Amino acid sequence: MEWWSGQILVAVALPLLGAALGTILWSKPQVFKILALVVFALTWLVVTIPSWMAEAPLSISTFLMHLILAAGFLTILGHHIDKETSISLSLTLLFAGLGLGVVAGQGHAGSIFLCGIFGLLILAFMRHRPMNLETPWKAIGLLAVGLFSLLASLLTSDHVQVMTLLIPLAMMWPLLPVQGAFVASVSCLPGTLPSFLAVLLPSLGFHGISTLLPFIPEGVLNLLWMVAIVSALYGSLIALSQDSMDSLLAYAHMALGSILWWYVSVTHSMAPGAVVYLGGLSLVICGLLIANQHIRTRFGHLDLTISHGLAHIMPRFSTLFVLFITAAVGLPIFTLFSAFMEMMLGFSFSGAWSLVIILLTWLMASWYFPRLMQQVLFGPQSPSFKAVHDLHIDERVSLILVLALLVMLGMGPSHWFGAVDSAVSTGHVSFEISQDVIWKR
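What counts and how
- Residue positions within a chain follow its written sequence, with the count starting from 1.
- At least 70 in pLDDT is required for a residue's local features to be given in this predicted model, at least 80 for side-chain atom pairs to be given and counted, and no such filter applies to totals for whole chains, interfaces and linings, which use all residues.
- Excluding hydrogens and water, the side-chain values take into account all heavy atoms of the structure.
- Each salt bridge in this description consists of a side-chain nitrogen of Lys or Arg and a carboxyl oxygen of Asp or Glu lying within 4 Å of one another.
- The secondary structure listing takes helices from DSSP runs of H or I that are at least 4 residues long and strands from runs of E that are at least 2 residues long, numbered from the N terminus.
- Note on exposure labels: buried denotes an accessible area under 20% of the residue type's maximum, exposed denotes more than 50%, and partly exposed covers the range between, all computed with a 1.4 Å probe on protein chains only.
- Buried Ala, Val, Leu, Ile, Met, Phe, Trp, Tyr and Cys residues that are joined via side-chain atoms within 4.5 Å together make up what is termed a nonpolar core.
- When checking whether two residues touch, look at their non-hydrogen atoms; a contact exists if any pair is within 4.5 Å.
- Aromatic rings from Phe, Tyr and Trp, with only the six-membered ring used for Trp, were paired whenever their centres fell within 6.5 Å, and each pair was classed as stacked if the ring planes differed by under 30 degrees, edge-to-face if by over 60, and tilted otherwise.

A.B. asks: Where do I start with the pattern of salt bridges in this structure?
C.D. replies: Under the definition given, this model contains three salt bridges. A salt bridge links Asp-394 to Lys-33, with the shortest nitrogen-to-oxygen separation between them at 2.7 Å. Remark: Lys-33 occurs in helix H2 (residues 29–53) and Asp-394 occurs in helix H16 (residues 393–411); sequence separation between them is 361 residues. For Asp-394, a relative accessible area of 25% puts it in the partly exposed group. By relative accessible area, which is 3% here, Lys-33 ends up buried.

Here you go:
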């Protein structure tokens, strides 16, 4: 994928231009929403049609670009118009444009676009957080460290460059001890932007690791899978103790995403099952965060320590919510569990204790996701909840299409995901890599 091709330049520029045009429509959020949907549709056409006509081979980068664009379109489609709509749409377009630049960029271009994402996140935390939340200074501090690491990677030698890039990648595809930036991103920002970032940030982290994987030393990979094991256990335990739905989903994403960190670090490969698992996990959490936003716009923050009985007053929402929970805990048709089993059965590993923790992580997910469903949908109806309008047509269609994508991921052939099911031995790979290799895929 050539960075200077007109196709990629237009694909990156369209969302940024859409955000700029949105400032003219700031006081007309419904029109701005239509504009944003058109921008994402046009960008998808720009990415898809030239590649299809040229019969270009699929790659992980291609899959991730489609995943990012689909998530952006569907989260905007499901956005309920309110006072936060314009800022949420504008930030979604900006992050989408920068994210496409990260995936498509070569050499230093990917790092520069990623610097833009980190800088934009810092500004968003400082200016556009919900009024009832304090400024997440810890997340801002972590992002500043990540920004410094990215800038250092532009100036350091190849040996150090790989190590400095691992820090920001572990922030986006969250691992201990730098998970705070991701958790704040999906719990402290307005509108449906958190649901989009739940797809964008791990996708960019996965793309970065897929690029760096052949050049990471064996000792560092061993450290990464051990950190992933601890992160999976930590995220699961924290998710069990949350009384906020968005925080629970953030830590669930961290816990289940750490399984993928562990798998990639142990096998030294990006097998198709791992790519499908990333897409399935990101879309499940994205759909649940969209559902959380629908609840928040109607009732405000829900305290998960009590039952709310939304099934009594929102049956359509409840049906879709149950489907997402079943997708999260293992209904095979919805991709996530089948991709997990494909990873677990596709390799041999002697570390029995780590396999036990991975299975325990999945078992705990089968605990806190159904409990979330019970707390939100069932039990006596909260007396403060009055009858409200169930999901509007665009909100329903958004959630249904996310579920449809989950089904399609499980049915797609392996070449859709641009990965070869073969391990990459890192023990004999030279560190004499050029700057243009980093971020190129």
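Still to come is the rest of the account.
A.B. asks: Any chance you could explain the nonpolar core here in plain terms?
C.D. replies: Generally speaking, a soluble globular protein has its nonpolar side chains buried in company with each other. By size, the foremost hydrophobic cluster in this structure holds 158 residues, and its most contacted members are Tyr-277, Phe-321, Tyr-368, Phe-369 and Val-376. If sequence neighbours within four positions are ignored, Val-376 has contacts with Met-245, Ile-295, Leu-302, Leu-304, His-308, Gly-309, Leu-310, Phe-317 and Phe-321.

A.B. asks: What's the story with the environment of Ala-339 in this structure? I'm lost.
C.D. replies: Turning to its location among the elements, Ala-339 is positioned in helix H14 (residues 336–345). For Ala-339, a relative accessible area of 3% puts it in the buried group. Each C-alpha atom, one on Ala-339 and one on Pro-272, is 8.8 Å from the other, the two residues being 67 residues apart in sequence. Sequence-distant contacts of Ala-339, that is, excluding residues within four places in its chain, are made with Gly-273, Val-276 and Tyr-277.

A.B. asks: Explain the packing of aromatic side chains here, please?
C.D. replies: What describes a pair of aromatic rings is the distance from one ring centre to the other and the angle between the planes of the rings. Counting across every chain of the model gives eight aromatic pairs. Ring geometry for Trp-26 versus Phe-32: centroids 6.4 Å apart, planes at 40 degrees, classification tilted. Classification of Phe-32 as buried rests on a relative accessible area of 0%. Between Trp-173 and Phe-206, the aromatic rings sit 5.5 Å apart at their centres with planes inclined by 55 degrees, giving tilted as the arrangement. One end of the pair, Trp-173, is in the loop between helix H7 (158–172) and helix H8 (180–185); the other, Phe-206, is in helix H9 (residues 193–212), with 33 residues separating them in the sequence. For the pair formed by Trp-173 and Phe-206, the shared burial category is buried. Here the aromatic cluster, defined as three or more aromatic residues joined through ring pairs, consists of Trp-173, Phe-206 and Trp-261.

Purely geometric stuff here, so don't read any function into it on its own.
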